[in-house]
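Coordinate analysis (summary)
Residue-level listing of the chains:
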Amino acid sequence: MNAFLAILRKDLILELRGGRSTTALVSLALLVLVVLTFALERTAGGGPATGAGALWIALVFAGMLGATRVMVAEQENGCLRALLLSPVDRAILYAAKLTASATFMIAAAVAATIMAMLFFNLEFSDSLATLGIALILGALGFSALATLLAAISIRARGGELLLPLLIVPIFVPALIAGVKVSAAALSGAPLAAAREWVGILVAFDVLFIAAGYLLFEHVVGEE
Amino acid sequence: MNRRLYGALGLSALTAMLVALYMVFVWVPTEADQGIVQRIFYFHVPCAWVAFASFGLVAIAGIFYLWMGTQIWDDLGYAAVEIGMLFCTLVLITGSLWAKPIWGTWWTWDSRLTTTFVLWLMYGGYLMLRTIADDTEQIARFAAVIGIVAALDVPVVIVSVRLWRTIHPAVLVTRQGGHGLEDPRMVVTLLVSLAAFTLLFAWLLLLRFSELRMRTRLATLARDIALARFRAGAA
């Protein structure tokens, strides 16, 4: 637990001082929303469905760029090797990296939500909590996947090219569920209306956090 | 022994395939509602079966590779993913050919279509990792992990996409309990076709697998020779 907190603390301090990941994530999410506003010509004046879709596109793009930063940053200057040499269980390392990456993604999701509300004329309804749940679960699932796969992509040749090709198809179920929950939330439906979809998001998260936890040691390997 | 085995396998696959073709085009009666197009079904379903069996094999090979670390499992996974991608592509194409006259569209985001397409994308990524990156022990480990992760995703994809939408005919098992194939000859044709494709699958797998095994052996030999030369030079 101490090791987990130490690595997480290191990543958060690094981020607070440099702020590269969050800035990049938020900027990219923002740009995607701007592009979508132009590309969709404000289809039917925005609306919950378009807004939810735009929000998740922004989240996925931001995630592909940023959720891997926590691993890429370690690779630079050989910090990953130092971490692997330290007497820390690889699974703990994975958990810490996952938490850091999810934190940055949630920060980007908050910024993107505010922007999407403005750009797509969405209502701040009572079920903002539902939207929050969807985004947090989505960010967590994406980070679980991205942290595991980023460990692969930073060391395979042509890896940065492959990463989106590997992440996005696997993320599809969470994406469908996330968009459904968000659309329900933005149209003011209660959480109970999207219960099944929240279930899928939770199942996705549990499955891939567990898979990452167990498989991470095989991808960082023995160097 | 290996050569005789895949000679026999290849021959029986060919025979079974010819019998299946005869049954599909001549023997089996034409389906009443859909007409002649329905006959593609006897190839469509076996292709899907081979694709799913291959992807299952990829995951199993991945687990064993991570567990035992022997090259043979990696070779098996590699051979299986290639065959899986081939047959998954065939499933999508034969499905499209059938859907155009029956549904009036080449493609629709129905649950099974979407699931198959998502699988195709996932294993396409896996195959790209293997082709772009060098063939090292590290890549073998990465591929095993991705093979396992992709297989874990399959049930979630199926559930979520089914909840999302479905119009695909449930041919084999419907909720009413019928299977939609009225004539017993249709069932027989499907079974023969399934057997033919399974033989073809086994033959292709064995062929590709032996080739990869040979490549591994060749690489080991080349390394040993280089090492021996180096030692001779040093002495």
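Residues numbered from 1 in each chain as written. Chains lettered and ligands numbered in written order. Predicted model: local features only at pLDDT ≥ 70, side-chain atom pairs only at ≥ 80, totals over all residues. Heavy atoms only, no water.

We now examine the packing of helix H3 (residues 47–66) of chain A against helix H7 (residues 128–153) of chain A. Residues and elements named next belong to chain A. Where H3 contacts H7, the two axes come as close as 11 Å, and the packing angle between them is 30°. As the angle between them shows, H3 and H7 are arranged roughly parallel. Crossing of H3 against H7: the hand is right-handed. Contacts between H3 and H7 involve Leu-55, Trp-56, Leu-59, Val-60, Gly-63 and Met-64 from the former and Leu-131, Ala-134, Leu-135, Gly-138 and Phe-142 from the latter. Split into classes, the residues belonging to the contact of H3 with H7 amount to 9 nonpolar, 2 polar and no charged. (Axes fitted to C-alpha atoms, helices over the stretch in contact; angles between N-to-C directions. Helix = DSSP H or I, 4+ residues; strand = E, 2+ residues; numbered from the N terminus. Parallel < 35°, antiparallel > 145°, perpendicular 65-115°, else oblique. Left-handed = near helix turned anticlockwise from the far one by under 90°. Contact = heavy atoms within 4.5 Å. Nonpolar A, V, L, I, M, F, W, Y, C, P; charged D, E, K, R; others polar.)

This part is about the interface of chain A and chain B. Opposite the 31 residues of chain A that make contact, chain B presents 29 residues. With both sides pooled, the region where chain A packs onto chain B buries about 2,600 Å², and carbon together with sulfur makes up 79% of that total. Looking only at chain A, the three residues that lose the most surface to chain B are Arg-157, Leu-162 and His-218 of chain A, adding up to 19% of its buried area. Along the contact surface separating chain A from chain B lie 0 salt bridges. Looking at the side of chain A that touches chain B, the elements that each hand over two or more residues are H7, helix H8 (159–186) and helix H9 (195–220) of chain A. Its residues assigned to classes, the side of chain A that touches chain B comprises 23 nonpolar, 3 polar and 5 charged. (Buried area = accessible area lost by both parts, 1.4 Å probe. Salt bridge = Lys/Arg side-chain N within 4 Å of Asp/Glu carboxyl O.)

Our focus in this paragraph is the environment of Arg-90 of chain A. All names here are of chain A. Its place among the elements puts Arg-90 in helix H6 (residues 90–119). Judged by its relative accessible area of 22%, Arg-90 falls in the partly exposed class. A C-alpha to C-alpha distance of 31 Å links Arg-90 and Ala-58, two positions 32 residues apart in sequence. (Buried < 20%, exposed > 50% of the residue type's maximum accessible area, 1.4 Å probe, protein only.)

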